[in-house]
Structures are given as structure tokens and as C-alpha cells.
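An overview of the molecular structure
Here is what each chain is made of, one letter per residue.
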Amino acid sequence: MRTRRVAPVSVLHNRTLQGCLLALLAVFSLSLMDALVKYIGAAIPVPQIVFLRTWVVMVCVLIASACTGRRVTLVTTRPGAHLFRGLMGLLAFLCFFTAVTQIPLAQAVAILFAAPLFIATLSALWLKERVGPRRWFGVLLGFAGVLIIVRPLGQDFTSGSLLALCAALAYALMMVQTRRMADTESAGSMVLWQALVACLGSGLLMPFLWQLPSAAELLLVAAVGVLSAVGHYGLSAAYSRAEASLLAPLDYTAMIWAVSFGYLFWGELPDRYTVAGCAVVIAAGLYVLYRERRAAALA
């Protein structure tokens, strides 16, 4: 009878710590990217930022593939699934990047926290995953928090708030599609396909929107692309080292960075509705995560 080898506790602890640190670094990178987009968006149209950013991301993916020896290919038997996922990713970026140029950074990020709630809902409706009454309570509570933030019936409701909400829904659709494709498609191929679709989709708008950027603006857009690549690769590496239930709450550190960058660069401070609604959304998101982890443990 062969004995099963178990990794030493110290090794597991180190990998978990590495995963947490990588997740924190990834969230910081993506938060800084959002701040740069808000800054550059005052001078360059958002679709052009997305177009140029996507080229940088594709270059980063190919360089990473060459350095790691992991071949990334566009060959697939599911082009339609990749196309839908890529379009949802493109829509999420266009909506969210436009939103951060119109509303305070912290408010946009707080609304984007609705994405996990959308994912839970879509997983039940689209993937037929079982969602019990307690998890539905958490989802409804989270959406109540979103309503507190966006105040759809009040005078403070803006197109920026609606765009941030659309970005959360599009991102959720992309992530649910990712779940459906994970059994046959590699992460590298999905990233490359998404970048290609985003490049072609945003490229269609360039003849109508293109503005010649300065050298400084090009460097900032390149930084947006690099930060995006670092953020997404960092998250992938983090989730390969530590449990999702441990890492997911670290996403909410984005609010700390959003408030910090918003105040330092634009003098923005979240109002009481954003603070209250964000607290409700985060609490609901953590509760839904807890119920998912409990359901997985009992399965």
C-alpha cells in the first residue's frame, strides 16, 4: 500500500502567504491602473485608451509565454464562446473606464463590487448552480447596498453610476463564461482571445475617435497596459497558491486604494451614501462567499 505524500505545513504556509501577497499586489496594480485611466481620460477618448492598452497586454502575454515556455495559441474549438467572453470584457472595460472619468473613483469601485453578486445570480440562472435561500438573501442585501450608492430615483444619479453598474454586469457575464470554458480552454488562450477581441472591437472606433497622443500620454497608456497585465497575472498566480475563499476578500482592499488615490489626486472623498452602500455590498459579498464555501464543504 502506497502512502500519500503530504506537503509540509511550512511549505503550505509559505504558498498561502505568497498567494495573499500576490493578490494584494494585483489589486494595487489594478487600482493604480484605474487612477491612471481617470487621469488620461481627460485628454484621450476612452476607446482609444482601451485600444492602446490592449496592444500592450498582448505584447506582455506573448513575452510571458516565451519566458515561461507555456505556449499560448488562438486555436480552439469554441470560437463563439471566446467571442462572447471577449465582447463582455471589452464592454466591461469601456463602461468602467468611462465611469471613472465621470464620477469619483471610490464610487465607481464601490459599484463594481456588485460583480460577485451578479456572478452568484447568473450562476444560478445560467449554470443552474444551486443557490439556497440564505445565499439569495445575501445577493438581495448586496443589491440593496448598490441602490444606496447609485440612488436611481435621486438627483445625484448620473450616467457614470449606470455605466459602472453595466461594467459590473458585463464583468460578471465574462466570469461566468470563463467558468463554462475552463474545462477545455487554457487561461493563457482566454487572455489572448480576450485581448484580440478587445483590440478589434475598439479598433473599429479608431477612425472616428483617434487623437494623436503625446509621448507622455503614450507612456502613461503603456503603464496602464503593463499594470493591467501585472494585475491579472498576479491574480492568476495568487489563486494557484492559495484558496479562493481566502483571497477573494482581499479584492475589497481596492476600496482603500480608490479612496486614497481619489483624495490625493482629485480631492475626492466618498459621500455618506457611498460609504454606507459600500459597507452593505462588502458585507453581502463576504456572506455570499461564506455560504459558497460552506456549500462546497458539505458537497
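Residues numbered from 1 in each chain as written. Predicted model: local features only at pLDDT ≥ 70, side-chain atom pairs only at ≥ 80, totals over all residues. Heavy atoms only, no water.

This part covers helix α5 (residues 115-125). Burial within α5 is extensive, with nine of its eleven residues counted as buried. Among all positions in α5, only A115, L117, F118, I119, A120, T121, L122, S123 and A124 are buried. (Buried < 20%, exposed > 50% of the residue type's maximum accessible area, 1.4 Å probe, protein only. Helix = DSSP H or I, 4+ residues; strand = E, 2+ residues; numbered from the N terminus.)

Here the focus is the environment of G234. With respect to the helices, strands and loops of the structure, G234 is situated in helix α10 (residues 215-239). The exposure class assigned to G234 is buried, which follows from its relative accessible area of 11%. The spacing of G234 and L24 is 210 residues in sequence and 8.8 Å in space, taken between C-alpha atoms. Residues contacting G234, with those up to four places away along its chain left out, are L22 and A26. (Contact = heavy atoms within 4.5 Å.)

With respect to the secondary-structure elements, G138 resides in helix α6 (residues 133-150). For G138 and R291, which are 153 residues apart along the polypeptide, the C-alpha to C-alpha distance reads 8.9 Å. Dropping the residues within four chain positions of it, G138 is found in contact with L117, A284, Y287 and V288.

In this structure, S202 sits in helix α8 (residues 187-203). By relative accessible area, which is 1% here, S202 ends up buried. A polar contact is formed between the side chain of S202 and the backbone oxygen of C199, at a distance of 3.4 Å. In contact with S202, not counting residues within four places along its chain, are P47, V50, F51 and L90. (Polar contact = N/O pair within 3.5 Å; in protein donor to acceptor, adjacent residues only side chain to side chain.)

Here we take up the packing of helix α4 (residues 105-112) against helix α12 (residues 254-266). Close contact between α4 and α12 brings their axes to 8 Å; oriented N to C, the two are set at 160°. Between α4 and α12, the angle is such that the two are roughly antiparallel. The two elements α4 and α12 cross, and the hand of that crossing is right-handed. Residues L105, A106, V109 and A110 of α4 pack against A254, M255, A258, V259, F261 and G262 of α12. Residues of the contact of α4 with α12, tallied by class, amount to nine nonpolar, one polar and no charged. (Axes fitted to C-alpha atoms, helices over the stretch in contact; angles between N-to-C directions. Parallel < 35°, antiparallel > 145°, perpendicular 65-115°, else oblique. Left-handed = near helix turned anticlockwise from the far one by under 90°. Nonpolar A, V, L, I, M, F, W, Y, C, P; charged D, E, K, R; others polar.)

As enumerated under the stated definition, the model contains eleven aromatic pairs in all. Aromatic side chains F28 and W257 sit 4.8 Å apart centroid to centroid with 70° between the ring planes, which places their arrangement in the edge-to-face category. With F28 in helix α1 (residues 9-40) and W257 in helix α12, the pair connects residues that are 229 residues apart, well separated along the chain. A ring pair is formed by F265 and W266, whose centres lie 5.7 Å apart and whose planes are at 85°; its orientation type is edge-to-face. Overall, F265 belongs to the exposed group, its relative accessible area being 51%. An aromatic cluster is built from F28, W257, F261, F265 and W266, whose rings are joined through pairwise contacts. (Phe/Tyr/Trp six-rings, centres within 6.5 Å; stacked < 30°, edge-to-face > 60°.)

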